[in-house]
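For reference, the chains in residue letters:
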Amino acid sequence: MELTGWVKNYGWGRKGISSAVAQLAMANDPDFRLNEEETYAEMWMGTHVCGVSVVKETGETLDRVLKKDLSYLFKVLSINKALSIQVHPNKCEAERLHKERPDIYKDPNHKPELAIALTPFLALVGFMSAEDIRDYIDEFQPLSKLIGKEAVDQLHDSTDAESVKWCYEKLMKTEESVIAKCISEIAKDYQKELKSNDLLEVFTKVNKDFPGDVGVLSLFFLNLIRLQPGQAIYLGANEIHAYLDGDCVECMACSDNVIRAGLTPKYKDVDQLLDSVIFESSYKDRKEFIPYRIDGQVQVYIPPVTDFAVINVNIEHSLESYKLEIQAFGSIMIVLKGSRILKLKTQQGDKEILVIRGSIVYIPVEAAPEIEFAKSDDCNEDFSGYIATSNYFRVP
């Protein structure tokens with residue numbers, strides 16, 4: 001089944017044709033009308049109630065056709081302004097928060113997620129080591145003054161997660177006017193220090209987009225990650241993060257639960273974030289999530305959850321045919337480059353679909369054990385696409 005993605009126009013998205021989401025939406029849907037003044041932030045592919053995909057041929061929603069929800073939600077993101085400082089609750093927390101505040105926490109599911117860069121990509125991911133945070137606080141004296149001598153001394157005496165938690169709580173619970181004054185002083189008097197730490201450009205942009213926001217000061221607590229196309233990060237439950245800039249493919253458990261605490265006009269649940277977040281530095285030795293290579297054409301991003309995995313298919317245009325082995329789980333593919341004839345089995349028998357940039361296809365369970373990518377007549381460039389599926393992979 002060929003699908004139409006659901007486009008989201010959040011304010012942090014890229015404008016007009018500069019957005020990868022808009023570009024893919026135009027290629028995917030002939031009825032899509034581009035507005036150069038509109039922001040195009042996300043394209044959702046899946047069965048989540050907040051953005052369910054539509055079957056092109058019939059106009060039915062995918063959840064009604066399947067008569068169930070998929071275990072994952074697949075997206076393309078195009079980011080111009082920072083997304084919120086956030087964590088995603090674990091399964092138990094998600095169930096409790098949804099029950100208590102369903103208007104804020106939209107469903108009872110957890111939301112581990114994987115982001116794969118399509119362009120140079122910038123993100124804040126996880127807390128830095130306590131030693132690095134201590135050094136930043138010492139170097140930027142307005143921040144040290146804001147946090148207070150007692151908490152800073154504790155961080156010097158014990159460079160551990162508990163000391164980081166105390167400092168970060170002090171930061172997050174400080175009055176907005178005091179936060180704004182601290183940011184202003186750093187912006188004015190610490191240009192040299194920001195530049196020497198490779199933070200000047202990011203600090204200036206984030207402060208311009210969210211002036212005086214407490215999230216700006218999270219730059220001194222969280223790892224700043226720079227990804228190149230194809231590189232990925234994985235975020236488990238309660239790992240703090242914020243995407244800052246770039247385009248990516250994102251896959252997650254079928255959920256829309258977010259606990260926010262900065263860089264957002266939306267509701268900030270600071271107390272819940274501080275209760276949930278992991279303060280240990282989990283990215284000291286591993287910042288990039290490495291895919292497992294199947295062969296020269298395919299690699300798979302295999303997270304430590306059963307909800308989803310992502311297959312990346314790259315086929316040289318000179319290759320006549322490529323057969324991809326799959327298991328009997330419903331999958332969704334988006335094509336980013338090139339064209340191929342997709343050959344697969346369906347309930348109605350064998351089927352062939354010409355897939356090009358922007359094509360979104362639901363691959364049914366009946367297609368197992370393999371699908372074929374055959375060369376199309378006008379195939380003059382390499383083919384590239386991503387397939388979201390349930391995580392049935394076992395690495396040797």
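These numbers were taken from a predicted model, which means no experiment stands behind them.

Cut-offs used in this document
- Residues numbered from 1 in each chain as written.
- Predicted model: local features only at pLDDT ≥ 70, side-chain atom pairs only at ≥ 80, totals over all residues.
- Heavy atoms only, no water.
- Helix = DSSP H or I, 4+ residues; strand = E, 2+ residues; numbered from the N terminus.
- Rg over C-alpha atoms; globule rule 2.2 N^0.38 Å.
- Buried < 20%, exposed > 50% of the residue type's maximum accessible area, 1.4 Å probe, protein only.
- Salt bridge = Lys/Arg side-chain N within 4 Å of Asp/Glu carboxyl O.
- Pairing = 2+ DSSP bridges.
- Axes fitted to C-alpha atoms, helices over the stretch in contact; angles between N-to-C directions.
- Parallel < 35°, antiparallel > 145°, perpendicular 65-115°, else oblique.
- Left-handed = near helix turned anticlockwise from the far one by under 90°.
- Contact = heavy atoms within 4.5 Å.
- Nonpolar A, V, L, I, M, F, W, Y, C, P; charged D, E, K, R; others polar.

**Remarks on the overall build of the chain**
Counting its regular elements, the chain contains eleven helices and 24 strands. Whereas a compact globule of 396 residues would reach a radius of gyration of roughly 21 Å, the chain reaches 22 Å, a difference of no more than 12%. Counting only C-alpha atoms, the chain reaches 70 × 45 × 40 Å along its principal axes. Looking at the 396 residues of the chain, the share that counts as buried comes to 55%.

**Let's talk about the pattern of salt bridges**
Side chains that differ in charge, positive against negative, can pair when their charged atoms come close. Applying the stated rule across the entire model yields 16 salt bridges. D135 is the partner of R134 in a salt bridge, and the nearest nitrogen-oxygen pair spans 3.2 Å. You can call D135 partly exposed: its relative accessible area is 39%. A salt bridge links K173 to D271, with the nearest nitrogen and oxygen atoms 3.6 Å apart. With K173 in the loop between α7 (161–172) and α8 (176–189) and D271 in helix α11 (residues 270–276), this residue pair connects regions lying 98 residues apart in the sequence. Here K173 matches D271 in class, with each residue exposed. Within the structure, one salt-bridge network assembled from shared partners comprises R14, D245 and D247.

**Regarding the sheet that holds strand β22 (residues 360–363)**
Across the sheet, which stays open at both edges, the six strands sit in the order β15-β16-β17-β24-β19-β22 with antiparallel pairing between neighbours. Unpaired on one side and paired on the other, β15 (292–293) and β22 mark the two borders of the sheet. Bridge count between strand β19 (residues 331–337) and strand β24 (residues 383–389): five bridges; the pairing is antiparallel. Bridging across to β24, I334 finds its partner in Y386.

**Thoughts on the pairing of strand β17 (residues 309–315)**
Extensive coverage of β17 is indicated by the burial of six of its seven residues. Sheet analysis places strand β16 (residues 298–301) next to β17, joined by four bridges and oriented antiparallel. Residue pairing for β17: V300 is matched across the bridge by I311. Of the pairings in the sheet, the one linking β17 to β24 comprises seven bridges and is antiparallel in character. Paired with N314 across the bridge in β24 is S384.

**Observations regarding the packing of helix α6 (residues 149–157) against α7**
If you want to describe how two helices pack, look at the angle between their axes and the distance between the axes. Following both chains from N to C, one finds α6 and α7 inclined at 155 degrees, their axes separated by 8 Å at the closest point. In terms of orientation, α6 lies roughly antiparallel with respect to α7. Once α6 is placed against α7, the crossing between them reads as left-handed. Where α6 abuts α7, its residues E150, A151, V152, Q154 and L155 lie against S163, V164, W166, C167 and K170. Its residues placed into classes, the contact of α6 with α7 shows six nonpolar, two polar and two charged.

**Some thoughts on unusual backbone geometry**
A cis amide bond, omega 15 degrees, links A368 with the succeeding residue P369. Its place among the elements puts P369 in the loop between β22 and β23 (370–375). One non-glycine residue, K67, lies in the positive phi region at around 60 degrees. As for its position among the elements, K67 is in the loop between α2 (62–66) and β7 (72–79). Positioned with a positive phi, N238 is a non-glycine residue whose angle comes to about 65 degrees. Tracing the backbone shows N238 in the loop between β12 (232–235) and β13 (241–253).

**Things to note about the environment of C379**
Assignment of secondary structure puts C379 in the loop between β23 and β24. Put simply, C379 and I356 are 23 residues apart on the chain and 9.7 Å apart in space, counted from C-alpha to C-alpha. Setting aside its immediate chain neighbours within four residues, C379 contacts H317, S339 and R340.

**Concerning the sheet that holds strand β18 (residues 321–325)**
In spatial order, the strands read β18-β23-β20-β21; together these four strands make up an open sheet with antiparallel pairing. Only two strands of the sheet have a single partner each, and these edge strands are β18 and β21 (349–355). For this sheet, the mean inter-axis angle between neighbouring strands, taken without regard to orientation, is 20 degrees. Pairing analysis gives seven bridges linking strand β20 (residues 340–346) to β21, with the strands arranged antiparallel. Across the sheet, L342 pairs through a bridge with I353, a residue of β21.

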